[in-house]
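Inside the fold
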Amino acid sequence: MIRRKPIGEHPEPPPPPPAEAATQDPTAVPVAAPKPTAQPKSAAPRLGDLLVEQGLVTEEHVRDALSTQKRTGKMLGEALVDEGIIQTGTLVRTLARSLGLRGCQVRHGLADPTLLSLLGEDEARRLKVLPLFRVRDTLTLAMAEPQSLPTIDRVRQITGLQVRPVLALESNIVEFIQKYAGGNTDVDEFLTSLAETDVSVVEGEGVEDGPAADLDQMVAGSPIINLVNVALLTAIRDGASDVHIEPARNGTRVRYRIDGLLRDLMKPPPGMHPAIVSRVKVIGKMNIAERRLPQEGRVRIVAEGREVDLRVSSIPTLLGEKLVIRVLDRANLKLDMADLGFHPESLEAFQRMLKRPHGLVLVTGPTGSGKTTTLYSALDLLRSPERNLVTVEDPVEYQLDLINQILVQEQVGLTFARALRSILRQDPDVIMVGEIRDQETARVAVQAALTGHLVLATLHTNSAAGAVARLGDMGVEPYLIASALNGVLAQRLARTLCSACAANYFPEDELMDHAGLSDHRGKPLRKGMGCQECHNSGYRGRLGVYEVLEVDLKLRRMIHRCAATHEIERAWIQQGGRALQTEACRLALEGRTDLEEALRISANEDVEAEEPLPGDGVAVEPAEAPPVEEAAA
């Protein structure tokens, strides 16, 4: 409640001026009339008058409330609400209108509980404010006294954000400060109170069905719908890559993946899981009656003023269906190779591979290592009106102009291999294969590279040199691999340090020796200490780490004679190749990540192996193969 002079309480009228004398003394000397004094400015309209003028209460109601005010000390508005004469929302709207501001009733879902830590409980109580939500550098703030400029300045000084004041009742603000400060966010109350919200998801909107609708332009009435929408928007706002909705014995667990690690988002109570799953299935145009088989779906939404694609996957588990929603936000897609973290020499080698008129370029790495982003950045470099670029993907994660993208649909027989054979009859210049999964796709891709096409593809291997053995395991002859392969790029994603909490530290000598940095002993490196900005992890964002193996004549001969993986890798490094561990440690020396993270992402790399591992090399003998020649530059 705004602490000011009680609104609506009429002061006692001033005593009437003394009556003029009936007669005046004729001998009195005339005195000049006093100069008129400036009239005080009209006071702001009182609450009681405003409510009466709007027909919300009667004068009798105001008089009764004034009597209650004198007896209990409550404010006039509180007295009217307590007596049931007006609703809280009516009181807030009337007060806000009189101040020329917006008003609100604080409720679960409108206020982000995590933002209270920006001010702290004590400061929020003292200032009678509650942070509601943050959009970029603007903080929307519920205030009991929104006209208090010192309070606004204080919040701006503490948070470093611009403040957008919104009027709310003091009792409402204090209630939620107490709940959020004590971690008492009751999900049952959250679901009940989230009856109206400004977010919703476009139902039945496919990627290919037309333009998406704006979330902020639709109002959803179901608490379950709003619960799902809040989870999605929170994931998009925080830059999450995936949202996991998992059944548990005591309810539902909702987590999202940020910078490669899962974090808890919310825990709805027992009994809500089937409704949440049904809502997500409706969004993704999936069969809500089928609970025994895995399903996939997709939807496009507009959130935070931009279009975002969501890919939905469901799978039955012992306790119920588990859902994973992949967030495909174009705002997170980096198409400029200079922004991906390449070392200048590695970037130059990769671009040389792409500029060749034909051949096979492979991008390898585990799931979630950023292979798709790298391929799209390569396509962005190659696309032009003079070229015919065709891709076959499963799924199509991002849509790019000047590129013909084909979605694999195995249920109707459109596989990678079948689509690739059909593409060869479409006069392509550049072909991108989302993933080489089987022998048939591998053979067709290699044949396409040998017949004058530039073929880009992904493969699941731990190192660049391991791609040669992987193709051999799929049944591709070594002489074909040697002739077709332009090069291989292997990559990982390293978590970058949070700039808000990064500090110097001295790694242990054993760790420095293991990383091959003995010469840097005693020198400080950087490490994230953990803060609110990075969820106390010490990391914020990720950066690519790459090793680029460009195939030259010497490596072609080694591939042709079925050299083992470790032999190819050793020969490449002797020629100046930069392995993953070398590149990761470079980032640590530059202060962009810490040494532990650098060694974690390159832990499987062992360039010093003396003996071939089981399965190294290509098992197929190169009988009667044609001589190897250097590929055209």
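Described below are features of the structure shown in this document. Just so we're clear, the structure is a prediction, and the values are computed from it rather than from any experiment.

Rules and cut-offs
Residues numbered from 1 in each chain as written. Predicted model: local features only at pLDDT ≥ 70, side-chain atom pairs only at ≥ 80, totals over all residues. Heavy atoms only, no water. Pairing = 2+ DSSP bridges. Helix = DSSP H or I, 4+ residues; strand = E, 2+ residues; numbered from the N terminus. Axes fitted to C-alpha atoms, helices over the stretch in contact; angles between N-to-C directions. Expected span 1.5 Å × (residues − 1). Buried < 20%, exposed > 50% of the residue type's maximum accessible area, 1.4 Å probe, protein only. Salt bridge = Lys/Arg side-chain N within 4 Å of Asp/Glu carboxyl O. Phe/Tyr/Trp six-rings, centres within 6.5 Å; stacked < 30°, edge-to-face > 60°. Lys NZ or Arg CZ within 6 Å of the ring centre and 35° of its normal. Contact = heavy atoms within 4.5 Å.

This paragraph deals with the sheet that holds strand S3 (residues 162-167). Overall, mixed pairing links the 3 strands, which are arranged S1-S2-S3 in an open sheet. Whereas interior strands pair on both sides, the edge strands pair on one side only; in this sheet they are strand S1 (129-135) and S3. Averaged over neighbouring strand pairs, the angle between their axes works out to 25 degrees when direction is ignored. Direction of pairing for strand S2 (residues 138-143) relative to S3: parallel, over a ladder of 6 bridges. Counted as the bridge partner of Thr 138 is Gln 162 from S3.

Across its 15 residues, helix H9 (residues 223-237) extends 21 Å between first and last C-alpha, which sits within 8% of the 21 Å expected from 1.5 Å per residue. For H9, the tally of buried residues reaches 13 of 15 residues, placing the bulk of the element in the interior. Of the residues one or two after H9, Gly 239 is the one with positive phi, at around 75 degrees.

Moving on, we come to the pattern of salt bridges. The tally for this structure, following the rule as stated, stands at 33 salt bridges. Two residues, Arg 253 and Asp 264, come together in a salt bridge whose shortest N-O distance is 3.2 Å. Of this pair, Arg 253 sits in strand S5 (residues 251-258) while Asp 264 is found in strand S6 (residues 261-266), placing the two residues 11 residues apart along the sequence. Ionic pairing is found between Glu 290 and Arg 292, a salt bridge with its closest N-O pair at 3.4 Å. The exposure class of Glu 290 is buried, given its relative accessible area of 15%. With relative accessibility at 69%, the residue Arg 292 sits in the exposed group. Look at the salt bridges and you will find they share partners, linking Arg 578, Glu 583, Arg 586, Glu 590 and Arg 592 into a network.

Taken as a whole and judged by the stated rule, the model has 3 aromatic pairs. Where Phe 342 meets Phe 350, the ring centres are 5.8 Å apart and the plane angle is 15 degrees; that geometry is what we call stacked. Exposure remark for Phe 342: the relative accessible area of 11% places this residue in the buried category. Among the residues examined, Phe 350 registers a relative accessible area of 1% and is labelled buried. Centroid distance Phe 342 to Tyr 546: 3.9 Å. Interplanar angle 10 degrees. Geometry classified as stacked. Highlighted residues: Phe 342 in the loop between strand S9 (320-329) and helix H11 (344-355) and Tyr 546 in strand S18 (residues 539-550), separated in sequence by 204 residues. You can call Tyr 546 buried: its relative accessible area is 3%. Through a chain of ring-to-ring contacts, the aromatic side chains of Phe 342, Phe 350 and Tyr 546 assemble into a single cluster. Here Arg 495 stacks its cationic end above the ring of Tyr 539, 4.0 Å away from the centre of that ring.

It is worth spelling out the sheet that holds strand S14 (residues 454-459) at this point. Taken in spatial order, the 7 strands make up an open sheet running S12-S11-S13-S14-S10-S15-S18, and their pairing is mixed. Single-partner strands in this sheet number two, and they are strand S12 (403-407) and S18. Between one strand axis and the next, the sheet turns by 20 degrees as a mean value, whatever way the strands run. Both strand S13 (residues 430-433) and S14 contribute to a ladder of 4 bridges, which runs parallel. Paired with Ile 431 across the bridge in S14 is Val 455. Across the sheet, helix H12 (residues 371-382) is in contact with strand S10 (359-364), strand S11 (389-393), S12, S13, S14, strand S15 (485-497) and S18; its angle to S14 comes to roughly 170 degrees. Its contacts with the sheet put helix H13 (residues 416-423) on S11, S12 and S13, and the angle it makes with S11 is roughly 170 degrees.

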